[in-house]
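Coordinate inspection notes
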Amino acid sequence: MISGRTKICGLIGDPVEHSMSPAMHNSAFKDSGLYYIYLPFKVKKEQLERAILGIKALNIKGVNVTIPHKISVIPFLDELDPLAEKIGAVNTIINNNGVLKGYNTDAHGFLKAMSERGISPEGKRIVILGAGGASRAISFILADKGASLVILNRKLELDQAVELAASISQTFGGEIKALELNEPNLKQALENSDILVNTTSVGMSPNVDKTTVPSGLLKADLIVFDIVYNPLKTKLLAEAEAAGAGVISGLEMLVWQGALAFEMWTGLKASLETMRKAAIRVLENES
Ligand code: ATR
């Protein structure tokens, strides 16, 4: 029930219509008996600064930040978590009595999804497909935790992967390579790797019959993490499973990034199960 005591959280982005976050957070708030509500705020680029000031003015407890504001929001914050600063992107803001602090729970959510499966990145050889925003958050946290990385990206955008690899090596040191995403490079990289992470949108609904990894390159001693969550089992994950590999769905990263934000705003642990069910409900209604 909404009352005078209700605390407000939300999502700032454009578009926000297809977000899973309102369903996940409102279900988790209800489940915990908290007087909290989570609302979508569609904010245009030119209104971002005013929207951020509005968080303070309206005493909003916290927000998630999504496309296109994850990078441009940073100058408007009072404090930044060190990892979010290194990544250069924020997806969660907490309002601590008028002081806005930015975090990147995408990166931490990815790590949580791995650790829940008993996988630690330390010393692991990891192949990352894609060099966009999601890749950046994931690559930085994996490098921070002592993994060695090979980042593979489409030919035209190879410079982006090279820049990402260079900025990671500069920040953390360690062995980070950037290569063109093609079959010979993929084959060679996968022969010596423990984990494969797809951060590209390839395989996402409606293009569910697409994958960038030929099935013959997948093997039983590999863990395959696809950050795509719609469909829950992408072609890549289905083929990895058929090859005997361990698989982790993008839904786990989605749910964990939400659970970590929930914890920051409320001080309580979120029910993963409730958030997962809410996300699946939205996915099923959309398809
Ligand atoms: P996000 O914030 O989700 O990471 P993004 O920053 O647009 O989104 O990055 C998307 C990534 O998926 C990029 O690495 C992109 O490759 P390009 O840099 O070459 O565009 C990758 N990607 C998207 N479609 C792809 C495709 N059909 N084949 C290979 N890579 C693709």
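Rules of the game
Residues numbered from 1 in each chain as written. Predicted model: local features only at pLDDT ≥ 70, side-chain atom pairs only at ≥ 80, totals over all residues. Heavy atoms only, no water. Domains from an automatic or database assignment. Contact = heavy atoms within 4.5 Å. Buried area = accessible area lost by both parts, 1.4 Å probe. Salt bridge = Lys/Arg side-chain N within 4 Å of Asp/Glu carboxyl O. Polar contact = N/O pair within 3.5 Å; in protein donor to acceptor, adjacent residues only side chain to side chain. Helix = DSSP H or I, 4+ residues; strand = E, 2+ residues; numbered from the N terminus. Nonpolar A, V, L, I, M, F, W, Y, C, P; charged D, E, K, R; others polar. Buried < 20%, exposed > 50% of the residue type's maximum accessible area, 1.4 Å probe, protein only. Near = heavy atom within 4 Å. Areas by Shrake-Rupley, 256 points an atom, 1.4 Å probe, with all protein chains shown as cover.

Let us look at the domain arrangement of the protein chain. When its domains are assigned, the protein chain resolves into domain 1 (7-104 + 252-286) and domain 2 (108-248). Across the contact, 14 residues belong to domain 1 and 20 residues belong to domain 2. Between domain 1 and domain 2 the total buried area reaches about 1500 Å² when both faces are included, carbon and sulfur atoms providing 78% of it. Interface area lost by domain 1 to domain 2 is led by Ile 87, Met 253 and Trp 256, which between them contribute 38%. Taken together, the connections running from domain 1 to domain 2 amount to 0 salt bridges. In this structure, the connection of domain 1 to domain 2 is made through 1 residue pair in polar contact (both at pLDDT 80 or more). The element contributing the most residues to the side of domain 1 that touches domain 2 is helix α9 (residues 250-266), with 6 residues. A breakdown of the residues in the side of domain 1 that touches domain 2 according to their chemical character gives 9 nonpolar, 2 polar and 3 charged.

Let us now look at the environment of Gly 118. Within the secondary structure, Gly 118 is located in the loop between α4 (105-116) and β7 (125-129). Gly 118 sits in the exposed class, given a relative accessible area of 66%. For the pair Gly 118 and Ala 84, spaced 34 residues apart in the sequence, the C-alpha separation amounts to 24 Å.

Quick look at the site of the ligand now. Around the ligand, 12 residues are found, and the nearest of them are Ala 131, Gly 133, Ala 134, Asn 153 and Arg 154. At a separation of 2.8 Å, an oxygen atom of the ligand approaches a polar backbone atom of Ala 131. Contacts to the ligand include Asn 153, whose side-chain N or O atom sits 2.9 Å from an oxygen atom. When the ligand sits alone it has 640 Å² of accessible area, and the protein chains cover 64% of it. Among the residues forming the shell around the ligand, the class breakdown is 3 nonpolar, 7 polar and 2 charged.

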